[in-house]
Amino acid sequence: MNNMRVLLNGIFKENPTFVLLLGMCPTLGTTSSAVNGLAMGLATMFVLVMSNLIISCIKNLIPDMVRIPSYIVIIASLVTVLQMLMQAYLPGIYTSLGLFIPLIVVNCIILGRAEAFAAKNGPLASIFDGIGIGTGFSMALTLLGAVRELLGTGVVFRSDDFGLAGIALQGESYGMLIFVLAPGAFLVLGYLIALFNKFVIKQQ
């Protein structure tokens, strides 16, 4: 399979959020702002790419009966490394994302790609698959967070952790708090899924 096609599939036809509807827990739980959504997406992409690469390289060495437990051990090891790096260099973002970082271990997107793609393809194709799926996931979370943040506060990409004042697109007095809260996540996600499938998927 062409590597560029694999990459684009993860962003469009197999977008984990807007098409496959996978990983809904971090999607709804971490997207109260665009920066949080982007950070969660990039953290997941790191684990996804590295786990795909490792699993594709050692797939023939893993006995079939312990295949899934072996994948989970690999993913958990990568998440532990990610946690330590974020605690050391991005403590603010690590605190904001909270338990969702260790929960990457059980993210069905990562285990699903390991089983469906990395275990059946070579290292290079698996890397492209991880980048594609990770990019699609990151874009979806960032877009969802940006829309919620804009409707809820009138500002996008505000982050005290990075000293970003954000981009004010409307007065804060017009913000609707519901969009920053849990119900707003469901509302915005539903509309974005509908728009993505109507204007993006149908054009493929």
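Residues numbered from 1 in each chain as written. Predicted model: local features only at pLDDT ≥ 70, side-chain atom pairs only at ≥ 80, totals over all residues. Heavy atoms only, no water.

Visitor: A description of the overall build of the protein chain should follow, citing residues and the corresponding values.
Guide: Regarding its fold elements, the protein chain presents eight helices and two strands. Secondary structure elements of the protein chain, listed N to C terminal, follow the sequence α-α-α-α-α-α-α-β-β-α. Whereas a compact globule of 204 residues would reach a radius of gyration of roughly 17 Å, the protein chain reaches 18 Å, a difference of no more than 12%. For the protein chain, the spread of C-alpha atoms along the three principal axes comes to 60 × 45 × 25 Å. Residues counted as buried form 41% of the 204 residues belonging to the protein chain. Long-range contacts, defined as pairs at least 24 residues apart, comprise 74% of the intrachain contacts of the protein chain with a sequence gap of at least 6. Split by element, the accessible area of the protein chain, about 10200 Å² in all, is 70% carbon and sulfur. (Helix = DSSP H or I, 4+ residues; strand = E, 2+ residues; numbered from the N terminus. Rg over C-alpha atoms; globule rule 2.2 N^0.38 Å. Buried < 20%, exposed > 50% of the residue type's maximum accessible area, 1.4 Å probe, protein only. Contact = heavy atoms within 4.5 Å. Areas by Shrake-Rupley, 256 points an atom, 1.4 Å probe, with all protein chains shown as cover.)

Visitor: Let's hear about the nonpolar core: which residues, and what values?
Guide: Counting residues in each nonpolar core, the largest one holds 28 residues, and the members touching the most others are Val47, Met86, Leu97, Ile101 and Ile104. Setting aside anything within four residues of it in sequence, one finds leucine 97 in contact with Thr30, Asn36, Ala39, Met40 and Met86. With eight residues, the next largest nonpolar core counts Ala140, Val188, Leu192 and Phe196 among its residues. (Core = buried A, V, L, I, M, F, W, Y, C linked by side-chain atoms within 4.5 Å.)

Visitor: So what about helix H7 (residues 123–153)? Which residues, and what values?
Guide: With 31 residues, H7 should reach 45 Å at 1.5 Å per residue; the first-to-last C-alpha distance of 43 Å fits that figure. Two residues or fewer after H7 comes glycine 154, characterised by a positive phi angle close to 85°. (Expected span 1.5 Å × (residues − 1).)

Visitor: Can you lay out the packing of aromatic side chains for me, pointing to particular residues and giving the numbers?
Guide: In total, this model carries one aromatic pair according to the counting rule given. When the ring of phenylalanine 18 is compared with that of phenylalanine 196, the centres are 5.0 Å apart and the planes differ by 40°; the resulting orientation is tilted. Here phenylalanine 18, found in the loop between helix H1 (3–11) and helix H2 (24–29), pairs with phenylalanine 196, found in helix H8 (residues 182–199); they are 178 residues apart in sequence, far enough to count as distant. The buried category is assigned to phenylalanine 196, whose relative accessible area is 12%. Here the basic side chain of lysine 198 rests over the ring of phenylalanine 199, its NZ or CZ set 5.7 Å away from the ring centre. (Phe/Tyr/Trp six-rings, centres within 6.5 Å; stacked < 30°, edge-to-face > 60°. Lys NZ or Arg CZ within 6 Å of the ring centre and 35° of its normal.)

Visitor: Describe the pattern of salt bridges, naming the residues involved and giving the relevant values.
Guide: One pass over the full model with this rule turns up four salt bridges. Here glutamate 14 and arginine 113 are joined by a salt bridge, their closest N and O atoms 3.4 Å apart. Placement of glutamate 14 in the loop between H1 and H2 and of arginine 113 in helix H6 (residues 108–118) is noted, with a sequence separation of 99 residues between them. You can call glutamate 14 partly exposed: its relative accessible area is 28%. The residue aspartate 64 makes a salt bridge to arginine 67 at a minimum N-O spacing of 2.6 Å. Owing to a relative accessible area of 22%, arginine 67 belongs among the partly exposed residues under this scheme. Each of Glu14, Arg113 and Asp129 takes part in one network of salt bridges that share partners. (Salt bridge = Lys/Arg side-chain N within 4 Å of Asp/Glu carboxyl O.)

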